[in-house]
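Observations on the model geometry
Listed below are the residues making up each chain.
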Amino acid sequence: MERIVIAILDDATRSSVADIIAKSGMKVRAQVRSGAEATRAIKDMGGGVVVCSPRLLDISADALCERLGEEAYFLVVGHPAVLAQMDSEEIFKLLLPVKSSELIGSVRILSQLDEKRMDEALRPKKKKPDADRAIVNEAKEYLTEERGMTEAEAHRFLQKRSMDLRVPVTEVARTILYHAE
C-alpha cells in the first residue's frame, strides 16, 4: 500500500496534485502545508513518499529531507532555477511545467522503492552460517583440548546440551566459550 504525503503550500496546487495521483489508482494518505505536518505523517506511517514544493510553510524541502533522513523518498516539483539550488542527492526533482504522466510515473517508482525498503526492514535478518559454524568448531576444539574429549564426543556433547536446554547449538557453544575465558 502506498504511503504518499503531498506537502505543498498552495491549497489549489496541493489538491490538484493529490487528485492526479488518486486518479492513477494510488492512495494519498495525507495532504499538508508544513514540514511539521509532513514529518508527523511520515513518522506515523513509518516511512513513505513526500511529494512537495521547494518551500513549505515552516521549512525548505531540502531541510525536511535532511530531517527525515532515510525514512522517506522526496519528489520536489518546482521551477528549474529553484531546483538547481537544491544539492541533496536524496531528492528527486521534477521541473515545472510537469506532465501528469511524469508525475504519476515518478511517484509510482518512488512508492515501489518505499515498498521494497519496507519489505527489507520487515524481513528477518539472515543468519551467518559460517560464523555460527566457526563458533561451534571453536567450542569443539576447546572441549577436545581442555576436557580430553574426541571430536565426535564434543559434537555429541554440544548436541545433547542443545536438546536438553532447548536452545540452538550455537548458543551452547557461545556459553562454553564464554565460561572458558
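Everything below is about the structure printed above this text.
Before going into details, it helps to say that this report is about the structure given with it. Numbers given for residues are sequential positions, taken from 1 along each chain in its written order. It should be noted that, the model being predicted, local features are given only for residues of pLDDT at least 70 and side-chain atom pairs only at 80 or more, the latter also being counted only at that level, while totals for whole chains, interfaces and linings use all residues. With hydrogens and water excluded, all non-hydrogen atoms of the structure serve as input to the side-chain values.

Considerations on the layout of surface pockets
- Cavities and pockets are defined on a 1 Å grid built over the protein atoms alone: a cavity is a set of grid points where a 1.4 Å probe fits but cannot escape, while a pocket is an open set with protein on both sides within 12 Å along at least five of seven lines, and lining residues are those with an atom within 4 Å of any such point. Grid points are joined across faces, edges and corners, and a volume is the space filled by probe spheres set on the points. There is about 260 Å³ of room inside the largest pocket.
- Lining the largest pocket we find 15 residues, and of these I8, T13, V17, V77 and L96 sit closest to its centre.
- In this text, helices come from DSSP runs of H or I with a minimum length of four residues, and strands from runs of E with a minimum of two, each type numbered from the N-terminal end. It is helix α1 (residues 11–23) that provides the largest number of residues to the lining of the largest pocket, a total of four residues.
- Residue classes follow a fixed rule: Ala, Val, Leu, Ile, Met, Phe, Trp, Tyr, Cys and Pro count as nonpolar, while Asp, Glu, Lys and Arg count as charged, and any other residue, Gly among them, counts as polar. Of the residues belonging to the lining of the largest pocket, the class tally is nine nonpolar, four polar and two charged.

Let's talk about the pairing of strand β4 (residues 72–78)
- Exposed residues in this analysis have more than 50% of their type's maximum accessible area, buried residues have under 20%, and partly exposed residues fall in between, with area computed by a 1.4 Å probe over protein chains only. Within β4, seven of the seven residues are buried, which leaves it mostly tucked inside the rest of the structure.
- A two-sided burial pattern is seen for β4, the buried positions comprising A72, F74, V76 and G78 on one face and Y73, L75 and V77 on the other.
- In this analysis, strands are considered paired if DSSP registers two or more bridges between them. Taken together, the five bridges between strand β3 (residues 48–52) and β4 define a ladder with parallel strand orientation. Counted as the bridge partner of V50 is F74 from β4.
- This β-α-β element, β3 to helix α3 (residues 61–68) to β4, shows right-handed connectivity.
- Pairing of β4 with strand β5 (residues 91–95), which is carried by five bridges, proceeds in the parallel orientation. Each residue of the ladder has a partner; that of F74, found in β5, is I91. Handedness of a crossover: with both strands directed away from the viewer, a clockwise path from the first strand across the helix to the second marks it as right-handed.

Quick notes on the pattern of salt bridges
- Salt bridges are defined by distance alone: a side-chain nitrogen of Lys or Arg within 4 Å of a carboxyl oxygen of Asp or Glu. One pass over the structure, following the stated rule, counts nine salt bridges.
- A salt bridge links D114 to R3; the shortest N-O distance between them is 2.8 Å. Within this pair, whereas D114 is found in helix α5 (residues 100–122), its partner R3 is found in the segment before β1 (4–7), the two being separated by 111 residues in sequence.
- For D114, a relative accessible area of 2% puts it in the buried group.
- We note a salt bridge from R174 to E171, for which the minimum N-O separation is 2.8 Å. With R174 and E171 both in helix α8 (residues 169–180), this residue pair falls three residues apart, about one helical turn.
- Since its relative accessible area comes to 37%, R174 is described here as partly exposed.
- Where salt bridges share partners, they join R3, D114 and R117 into one cluster.

As far as function goes, none of this settles anything; it's purely spatial.
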